[in-house]
Amino acid sequence: MSRIILKDKRAIDRMRTAGQLLASIFQEIPSLLVVGMTTADLDALVEARMRKLNLEPSCIGYGSYRHATCISVNDGVIHGVPSERVVLKDGDCVKLDVVGAYRGYCADMARTYTLGACPQEVPAMMEIAQKALDAGIALVRPGCKLGDISACIQRVVESAGYGVVKAYAGHGIGRNFHEEPEVPNYGKAGTGITLLPGMALAIEPMITQFKADVFVDEDGWTVRTVDCGLAVHVEDTIVVSESGVEVLTRLP
Ligand code: CO
């Protein structure tokens with residue numbers, strides 16, 4: 001039995017507002033990122049903007065998590081904990097992941113940024129991750145199978161020679177930022193649930209330079225590549241519409 005919660009117009013309107021406000025904050029990130037700042041500094045800048053926009057930082061209070069954002073650097077894939085001890089340096093690959101709620105409804109978004117002269121592999125990985133996300137989103141419409149999206153993301157990533165992380169997945173989203181269904185970044189076309197109007201999903205390919213194996217750091221949160229290869233993460237929140245898809249976390 002499916003426990004997928006379909007969103008009505010009121011819910012989607014709130015999620016859209018959350019997504020648009022989040023996207024407006026992400027638009028500012030390139031101008032905020034500077035060598036020498038800490039990931040705690042970046043977290044504080046994002047949290048201040050969220051509060052000003054009435055966007056509730058949903059990650060705060062998620063289990064023992066106490067920060068508005070996740071910031072994962074280089075071999076960090078996801079769930080990086082903002083820290084005064086992590087100083088951003090020239091060449092870093094920085095992944096920012098934020099969940100914001102507007103009047104009780106969430107949007108979840110992530111993007112990857114580079115600082116100064118990053119390894120030349122990073123722009124290529126960023127292009128493939130974005131391409132995988134875009135191609136997955138492009139398939140979304142009522143009647144599409146969840147596995148179609150998963151398989152598409154996997155194909156784009158692996159055919160470019162990168163690893164696709166299997167230990168973590170995208171997810172349904174709404175009042176809670178983790179709802180059913182799980183949205184894996186690998187799978188078989190034609191399998192899985194059938195998408196219906198009102199389903200809201202966070203789609204989030206996590207790709208690795210070499211092997212896709214990951215582990216949780218001793219901080220209990222940060223997910224890193226086992227082989228210390230670089231990782232790139234991008235995420236958008238979408239809703240299945242009557243005619244196709246609406247991406248809530250992109251500005252028009
Ligand atoms: Co997510």
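1. Details of the nonpolar core
Nonpolar side chains tend toward joint burial in soluble globular proteins. Among the nonpolar cores identified, the biggest contains 31 residues, and Ile 149, Val 157, Leu 195, Ile 203, Ile 207 and Ile 238 are the most heavily contacted of them. Looking at this core, the elements that each hand over two or more residues are helix 3 (121-139), helix 4 (146-159), strand 9 (200-203) and strand 14 (236-240). Ranked by residue count, the leading element in this core is helix 3, at 7 residues. Setting aside residues up to four positions removed in sequence, Leu 195 forms contacts with Val 140, Arg 141, Pro 142, Gly 143, Cys 144, Leu 146, Ile 149, Leu 201 and Val 240. Residues Leu 21, Leu 32, Ala 107 and Tyr 113 belong to the second largest nonpolar core, which totals 25 residues.

2. So, the packing of helix 1 (residues 9-32) against helix 2 (residues 39-52)
Remark: helix 1 packs on helix 2, axes separated minimally by 11 Å, with the N-to-C direction vectors making an angle of 145°. The crossing of helix 1 and helix 2 is right-handed. Judged by residue contacts, Ile 25, Glu 28, Ile 29 and Leu 32 of helix 1 engage Leu 42, Leu 45, Val 46, Arg 49 and Met 50 from helix 2. Among the residues forming the contact of helix 1 with helix 2, the class breakdown is 7 nonpolar, no polar and 2 charged.

3. A closer look at the coordination of the cobalt ion
Around the cobalt ion, the donor atoms from the protein are Asp 108 (OD), His 171 (NE2), Glu 204 (OE) and Glu 235 (OE), and they sit 2.0 to 2.3 Å away. One can describe the site at the cobalt ion as irregular: its 4 donor atoms subtend angles covering 84 to 170° at the metal. With a relative accessible area of 5%, Glu 204 lands in the buried category.

4. Here's the deal with the environment of Ala 40
Inspection of the secondary structure assignment puts Ala 40 in helix 2. If sequence neighbours within four positions are ignored, Ala 40 has contacts with Pro 82, Ser 83 and Glu 84.

5. Notes on the pattern of salt bridges
Inspection of every chain in the model, using the stated rule, returns 13 salt bridges. In this structure, Arg 111 and Asp 236 form a salt bridge, with 2.9 Å as the shortest nitrogen-oxygen distance. Here the residue Arg 111 occupies a position in strand 5 (residues 105-114), and Asp 236 occupies one in strand 14, the gap between them amounting to 125 residues. The salt bridge involving Arg 250 is made with Asp 236; its shortest N-O contact spans 2.7 Å. Here Arg 250, found in the segment after strand 15 (245-247), pairs with Asp 236, found in strand 14; they are 14 residues apart in sequence, far enough to count as distant. According to the relative accessible area criterion, Arg 250 is partly exposed, its value standing at 29%. On the basis of relative accessibility, which here comes to 0%, the residue Asp 236 falls in the buried class. Among the charged side chains, a salt-bridge network with shared partners connects Lys 9, Asp 13, Arg 16 and Glu 246.

So, how was this worked out
Residues numbered from 1 in each chain as written. Predicted model: local features only at pLDDT ≥ 70, side-chain atom pairs only at ≥ 80, totals over all residues. Heavy atoms only, no water. Core = buried A, V, L, I, M, F, W, Y, C linked by side-chain atoms within 4.5 Å. Buried < 20%, exposed > 50% of the residue type's maximum accessible area, 1.4 Å probe, protein only. Helix = DSSP H or I, 4+ residues; strand = E, 2+ residues; numbered from the N terminus. Contact = heavy atoms within 4.5 Å. Axes fitted to C-alpha atoms, helices over the stretch in contact; angles between N-to-C directions. Left-handed = near helix turned anticlockwise from the far one by under 90°. Nonpolar A, V, L, I, M, F, W, Y, C, P; charged D, E, K, R; others polar. Donors = N, O, S within 2.8 Å, 3.2 Å for Na, K, Ca; no water. Tetrahedral: all angles 85-135°; square planar, octahedral: opposite > 155°, others 65-115°. Salt bridge = Lys/Arg side-chain N within 4 Å of Asp/Glu carboxyl O.

Nothing here speaks to function; it is geometry throughout.
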